Amino acid sequence: MIVIVDLLLMLIQLSYSILHAVIQTFLRPRLKCIDGELCLITGAGGALGRLFAQEFAKEGAHLVLWDCNTAANEQTAKLARELGVQVHTYTVDLSKRQNIYETADRVRAEVGEVSILVNNAGVVAGRRLLDCPDELLERTLLVNCHALFWMTKAFLPQMKANNHGHIVTIASALGLFSTACVEDYCASKFGAVGFHESLTHELLAEDMDGIKTTLICPYIVDTGMFAGCEIRKELRSLIPPLEPLYTVQQSMKAILAEQQMICIPRLMYIAFLTRALLPWEANVATYRFMGGDKCMLPFIQNVELKTSNGHIKS
């Protein structure tokens, strides 16, 4: 009898969740106020990080900006301060666990407790697996995946103490389905998605309903990170690289609406579902039709060219 009751409750909750999601798709959701919250953004000196900083500043959040590039980080801070919020910058190497913990201690001592954590930083080696130095492969996994563990361990305890906070993971569509020649990036983003989902389940199991999580999985964003990546030319107008500002604005809507997950554009949900539902051979055939199996080759050639010319940037 207990099992039957639990099953009925689950079906009711399932129906409600689906109906709520459908309604949210067509109606503008209520957005929460984050005025005065302390928001930490990693990779703040990059294109997306800078835009996130500006968007959070527009909402009145005070900022803690982390990046390994001091000059780029300070430029982001300058733009955010012009919007009237307090900004604190820190130069951090996210591939070094101790550096993360030490800087987190400094933030708590010098600024206060972080209530919004945006794990945005990301890197990619841009080499074929057998041509890629081990240290570059390790760096991708450390920054894109391992750092999520250390960042969360550093800032989640106070969120739990207050039952208040928001953890945002900027993952990728390549954390939901894969493509060739970027094994390091796909592995790190699959890891990021798995980490985020497991953490969300843990918070729900502990009834930490005041701590929200949002997983963001965008298609390739036109920041230069994957410069040269191209699918079949007849389909490029259907799925063009995303504009950075559009990506961040859509992400902000999801964060402020406390949406658990968003794929950008929505077309990526279809790719995610077909990967799960179709046989492997069918997915391979689809990838080849779209040019997805070779889309990263021009990108890798660009990286190799920059490397041979001696001016590759990390």
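Our structure's up above, just so we're on the same page.
Keep in mind that this is a model prediction, so the values were computed, not measured. (Residues numbered from 1 in each chain as written. Predicted model: local features only at pLDDT ≥ 70, side-chain atom pairs only at ≥ 80, totals over all residues. Heavy atoms only, no water.)

**Here we look at the sheet that holds strand 7 (residues 261–264)**
Convention followed: Pairing between strands requires that DSSP locate at least two bridges from one strand to the other. The secondary structure listing takes helices from DSSP runs of H or I that are at least 4 residues long and strands from runs of E that are at least 2 residues long, numbered from the N terminus. Simply put, an axis is a line fit to the C-alpha atoms, just over the touching stretch for a helix, and the angle between two N-to-C directions goes from 0 to 180 degrees. By the convention used here, residues are in contact when the closest approach between their heavy atoms is within 4.5 Å.
Read from one edge to the other, the open sheet built from seven strands follows the order 3-2-1-4-5-6-7, with strand pairing classed as parallel. One side of each edge strand has no neighbouring strand; the edge strands of this open sheet are strand 3 (87–91) and strand 7. Strand-to-strand twist across the sheet, computed as the mean angle between neighbouring axes with direction ignored, equals 15 degrees. The pairing of strand 1 (residues 38–42) with strand 2 (residues 62–67) spans five bridges and is classified as parallel. What sits directly across from Cys39, in strand 2, is Leu63. Helix 5 (residues 134–162) contacts strand 1, strand 2, strand 4 (116–119), strand 5 (165–170) and strand 6 (211–218) of the sheet and is inclined by roughly 170 degrees relative to strand 4.

**Quick notes on a nonpolar patch on the surface**
We apply this condition: Think of a patch as exposed residues, more than 30% relative accessible area, with no salt bridge, where like charges cluster within 9 Å and nonpolar side chains (Val, Leu, Ile, Met, Phe, Trp, Tyr) cluster within 5 Å. Surface accessibility in these figures is a Shrake-Rupley result with a 1.4 Å probe; residues are shielded only by whichever protein chains are displayed. Here, a salt bridge means any side-chain nitrogen of Lys or Arg that lies within 4 Å of a carboxyl oxygen of Asp or Glu. Think of it in three bands: with a 1.4 Å probe and only protein chains considered, a residue is buried below 20% of the maximum accessible area for its type, exposed above 50%, and partly exposed in between.
On the surface, a nonpolar cluster with roughly 280 Å² of combined accessible area is contributed by Leu238, Leu267 and Ile270. By the element assignment, Leu238 lies in the loop between strand 6 and helix 7 (244–256). Overall, Leu238 belongs to the exposed group, its relative accessible area being 58%.

**Points about helix 4 (residues 97–110)**
Quick note on the threshold: Expected span of a helix, by definition, is 1.5 Å for each gap between consecutive residues, and there is one gap fewer than residues. Read the arc as the range of directions from the helix axis to the C-beta atoms.
Look at helix 4: 20 Å from first C-alpha to last across 14 residues, which is about the 20 Å you get at 1.5 Å a residue. Every buried residue of helix 4 is listed here: Ile100, Thr103, Ala104 and Val107. All buried residues of helix 4 lie within an arc of 110 degrees about the axis, which places them on one face of the element. Phi turns positive one or two residues past the end of helix 4, at Gly112, with a value near 140 degrees.

**Re the packing of helix 5 against helix 6 (residues 183–205)**
Stated formally: Any angle that falls under 35 degrees is termed roughly parallel, while one over 145 is termed roughly antiparallel, one within 65 to 115 roughly perpendicular, and all others oblique. Handedness of each helix crossing follows the sense of rotation of the near helix against the far helix: counterclockwise by less than a right angle gives left-handed, clockwise gives right-handed. Throughout this entry, Asp, Glu, Lys and Arg are counted as charged residues, while Ala, Val, Leu, Ile, Met, Phe, Trp, Tyr, Cys and Pro are counted as nonpolar. The remaining residues, Gly among them, count as polar.
Where helix 5 meets helix 6, the axes come as close as 8 Å, and the angle between the chain directions of the two elements is 15 degrees. The orientation of helix 5 with respect to helix 6, classified from their angle, is roughly parallel. The hand of the helix 5/helix 6 crossing is right-handed. In contact with Leu137, Thr140, Leu141, Asn144, Cys145, Leu148, Phe149, Thr152, Leu156 and Lys160 of helix 5, helix 6 contributes Asp184, Tyr185, Ala187, Ser188, Lys189, Gly191, Ala192, Phe195, Leu199, Glu202 and Leu203. For the contact of helix 5 with helix 6, a count of residues per class yields twelve nonpolar, five polar and four charged.

**Notes on the packing of helix 2 (residues 47–58) against helix 7**
Between helix 2 and helix 7, the shortest axis-to-axis distance is 10 Å and the interhelical angle comes to 50 degrees. Compared by their axis directions, helix 2 and helix 7 come out oblique. You can see that helix 2 and helix 7 cross each other, and the crossing is right-handed. Between helix 2, through Leu48, Leu51, Phe52, Glu55 and Phe56, and helix 7, the contact on the second element is made entirely by Pro244, Leu245, Val248, Gln249, Ser251, Met252 and Ile255. Its residues assigned to classes, the contact of helix 2 with helix 7 shows nine nonpolar, two polar and one charged.

**As for the pairing of strand 7**
Worth spelling out the cut-off: The handedness of a crossover follows from its direction of travel: if, with the strands pointing away from the viewer, the path from the first strand over the helix to the second runs clockwise, the crossover is right-handed.
Examined bridge by bridge, strand 6 and strand 7 share four bridges and lie parallel to one another. Across the sheet, Cys217 pairs through a bridge with Cys263, a residue of strand 7. Note on the crossover from strand 6 through helix 7 to strand 7: the handedness is left-handed.

As far as function goes, none of this settles anything; it's purely spatial.
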